[in-house]
Every structure is written in structure tokens, then in C-alpha cells.
Amino acid sequence: MWVLTVVGLCVLIAADFLIGGRKPHEVSIKEAGIWTTVWIVLAALFGAGLLIWGDGQAAGEFFAGYVTEKSLSVDNLFVFVLIMAKFAVPPVYQQRVLMVGVLIALVLRAVFIAAGAAAINSFAWVFFLFGAFLVWTAWKLIQEARAGEEDEDWEEGRLMKAIERRLPSTETWHGTKMFVRENGRRLATPMLIVMLAIGITDVLFAVDSIPAIFGLTQDPYIVFTANAFALMGLRQLYFLIVGLLKKLVHLSYGLSVILAFIGVKLVLHGIHETTSLNVPEVSLPVSLGVIFGVLIITTITSLIATRKASEEEPKAAAEKAGSENADVQG
């Protein structure tokens, strides 16, 4: 099953590349919408397959994990926008950058998932570690949201800085080439550097998303496939909602609620697994209801807040202009 799944995903990725990403071009909203729909339908069909050839529990866990990973991946897009701006990636090359960057992230996440599954199977106390980490991450998200902090500047991590120092590179773009030869030296192009930046950044985000999905299922197969389908549609989702990201002003609050909920669920499960205490366990239907409910409420409140802010901006500008004119006349 693992072999068939990996081969199937490779076929889908190859088809995505050959049909939509082989020739560099600026991605239109229509194209992004079509491909986003395709990946969502494929994920739904895979979940239906689990329901038919597996059971309702496996299908439910897949959909819960997929929705969670998809919602958490939206947060990645904010940073992707900043990375694209920092490296001044031409629009025509952005889809290629995202495609390879996401593939790098998928491979590295598979390693994370294998390590996490091995740890959970060997040490039950990992449930408490993952749960506490998710609650702490949720608290940090709320603090940042309340402080009004926005990632207006993307800061390179130590790993990226070390790569740039040790990897001879050119500042000139050479199409989609990742290496060029200049004056007898083989140099990396900005294309390779920004691909690594996208892939590594996504893996850093996986530090909280991987424990989150393990809070919904401990089946490595479901964890991997939910991550794979969520990531493979990320490139198209970037072009589809890049203009809407600034309107999701309450996204951090929604994600913090989801992470805290799953963190508490993990702790309860850990208590149930390691002690004889009769503690309640959160069922899968409740998990799905909380995740969908929080995302719907967050989206609605974000759009309302954004609309109010846009309506107040002209009034504030008019009042400011009026006060400036009064000062000048005075």
C-alpha cells in the first residue's frame, strides 16, 4: 500500500509539472482555481477510497488531518510572500520555485513523520510532550496576534545563512537554471537559493503541524498522505489567495484555538494511555466539528473586520486632511 501510494503521488506530481508547471509563466487566478479544485477533489477521492476499502475511522482521521494541515499551511503563505519579495523572484518563475520548494518540504516532512511515529510507538510520554508544545505554540500565536505583530520582514535562519555563505552563487537570474558556469566556476543561481528557503521554511512550520496531526491520528500512513495532499495543493493555493491573505486578520486566533484544542486532546490521550485514570477522550466527530467551526468563524469575523477597516479608512483620511487644512489656514 505504501509503495502504491508513493508511486501514485509521484504520477500526480509529474502530471502537475508536465501540464501546469513545465513552461515558466505567470499563473492566472483561473488556472490557480482549477488546479486548487483538482487537488481538493483528489484528496476527497482518496478519503472516499479509505472509507470504501478501509473504514469510517480511517477516512474521518484523514479528512480531519487534511483540513488541519491545509489550514495551518495557509500561515506558511504569509512567509512565502515575504521570501518571494526578499529574493525579488520574477512572477514568471514563482510557480517553479514553489513546486520544487514544496517537494523538498514533502521529503523532509516524511522524515519528521517517521521519527514522530517511532517516538510515539516507543514512548507514550511523547503525547504529553507534543500536547504541551501545541498549547505553548497556541499561546505564542495569541500573544503575537494581540500585540499586532506582523511578519513584515523575513529573517533568514542560521541554516539558510550558512548555505548562502558556503554555496558560491550569482546574483543574476538565469531562467529556471539552478547552477551556471561562470569563469570556470560552477555557481548556484538565486533560483536554487530561494527553493531551499521555501523548503526549509516549510519544514520549520512542520514543527507544530506534525504534532498537531498526530493528535488526530497515530497512523503514519494517514499522517503522511494528509500532509502530502495538503502540501501538493499549496502552490496553486498561493496564487489563488495571495491577494486575500491580508484580509484573514483573525487567522492567528483561529489557528491558536485549533492547536490548543489538539494539544489538550493529546494530553488527555496520554493520560488515558499511561494511567488508570478515567479521563474523557475527545472523539473524532468532535474534533472535526471544532476544526471546521473555528475555521468558518475565523473567516467570517476576518472578513467583517476587514470590511469595517476599509470603510473607516476614507473617513480617517478625510478627518486628517481637514485638520491639516485647518492648521494651514490658522
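How each quantity is defined
- Residues numbered from 1 in each chain as written.
- Predicted model: local features only at pLDDT ≥ 70, side-chain atom pairs only at ≥ 80, totals over all residues.
- Heavy atoms only, no water.
- Helix = DSSP H or I, 4+ residues; strand = E, 2+ residues; numbered from the N terminus.
- Buried < 20%, exposed > 50% of the residue type's maximum accessible area, 1.4 Å probe, protein only.
- Polar contact = N/O pair within 3.5 Å; in protein donor to acceptor, adjacent residues only side chain to side chain.
- Contact = heavy atoms within 4.5 Å.
- Axes fitted to C-alpha atoms, helices over the stretch in contact; angles between N-to-C directions.
- Parallel < 35°, antiparallel > 145°, perpendicular 65-115°, else oblique.
- Left-handed = near helix turned anticlockwise from the far one by under 90°.
- Nonpolar A, V, L, I, M, F, W, Y, C, P; charged D, E, K, R; others polar.
- Core = buried A, V, L, I, M, F, W, Y, C linked by side-chain atoms within 4.5 Å.
- Phe/Tyr/Trp six-rings, centres within 6.5 Å; stacked < 30°, edge-to-face > 60°.
- Lys NZ or Arg CZ within 6 Å of the ring centre and 35° of its normal.

Undergrad: Would you mind showing me how to read the side chain of Thr217 here?
TA: Here Thr217 lies in the loop between helix 7 (190–214) and helix 8 (220–232). With relative accessibility at 2%, the residue Thr217 sits in the buried group. Within the structure, the side chain of Thr217 is placed 2.8 Å from the side chain of Glu61, a separation counted as a polar contact. Ignoring any residue separated from it by four or fewer positions in sequence, one finds Thr217 in contact with Glu61, Ile222 and Val223.

Undergrad: How should I be thinking about the packing of helix 2 (residues 29–53) against helix 9 (residues 234–241) in this particular structure?
TA: To characterise two packed helices, one gives the angle between the axes of the helices and the distance between these axes. For the pair helix 2 and helix 9, interaxial distance at closest approach is 8 Å and the crossing angle is 140 degrees. When the interaxial angle is binned, helix 2 and helix 9 end up oblique. As for how helix 2 packs across helix 9, the hand of that crossing is left-handed. Only Gln236, Leu237, Phe239 and Leu240 of helix 9 make contact with helix 2, whose side of the interface consists of Ile29, Ala32, Gly33, Trp35, Thr36 and Trp39. Across the contact of helix 2 with helix 9, the residue classes tally to seven nonpolar, three polar and no charged.

Undergrad: Sorry, what's going on with the nonpolar core here?
TA: A general feature of soluble globular proteins is that nonpolar side chains tend to end up buried together. Residues Phe62, Tyr66, Val89, Val97, Phe214 and Phe229 are the most contacted members of the largest nonpolar core, which totals 76 residues. If one sorts the elements of this core by residue count, helix 3 (residues 56–86) sits on top with 13 residues. Not counting residues within four places of it along the chain, the set of residues in contact with Tyr66 comprises Trp39, Ile40, Ala43, Ala226, Phe229 and Ala230.

Undergrad: Looking at this structure, how should I read the packing of aromatic side chains?
TA: The geometry of an aromatic ring pair is captured by two quantities: the separation of the ring centres and the angle between the planes. Summed over all chains, the structure comprises nine aromatic pairs. Measuring from centroid to centroid gives 6.1 Å for Phe62 and Phe229, while their planes differ by 90 degrees, and the two rings are edge-to-face. One end of the pair, Phe62, is in helix 3; the other, Phe229, is in helix 8, with 167 residues separating them in the sequence. For the pair Phe62 and Phe229, a shared accessibility class is recorded, and that class is buried. Aromatic ring contacts, followed pair by pair, group Trp2, Phe46, Phe62, Phe63, Tyr66, Tyr221, Phe224 and Phe229 into a single cluster. The positively charged end of Arg186 is found above the aromatic ring belonging to Phe179, 4.4 Å away from the centroid.

Undergrad: I'm lost on the packing of helix 8 against helix 9 in this one. Help?
TA: Axis separation between helix 8 and helix 9 bottoms out at 5 Å; the angle between their running directions is 40 degrees. When the axis of helix 8 is compared with that of helix 9, the two are oblique. Contact with helix 8, carried on its side by Ala230, Leu231 and Met232, involves Leu234, Arg235 and Gln236 of helix 9 and no other residues of that element. By residue class, the composition of the contact of helix 8 with helix 9 is four nonpolar, one polar and one charged.

Undergrad: What's the story with helix 9 in this structure? I'm lost.
TA: For the α-helix, the turn length of 3.6 residues means that residues three or four positions removed from each other point alike. Burial of helix 9 is extensive: seven of the eight residues sit out of reach of the surface. Taken together, the buried positions of helix 9 are occupied by Leu234, Arg235, Gln236, Leu237, Tyr238, Phe239 and Ile241.

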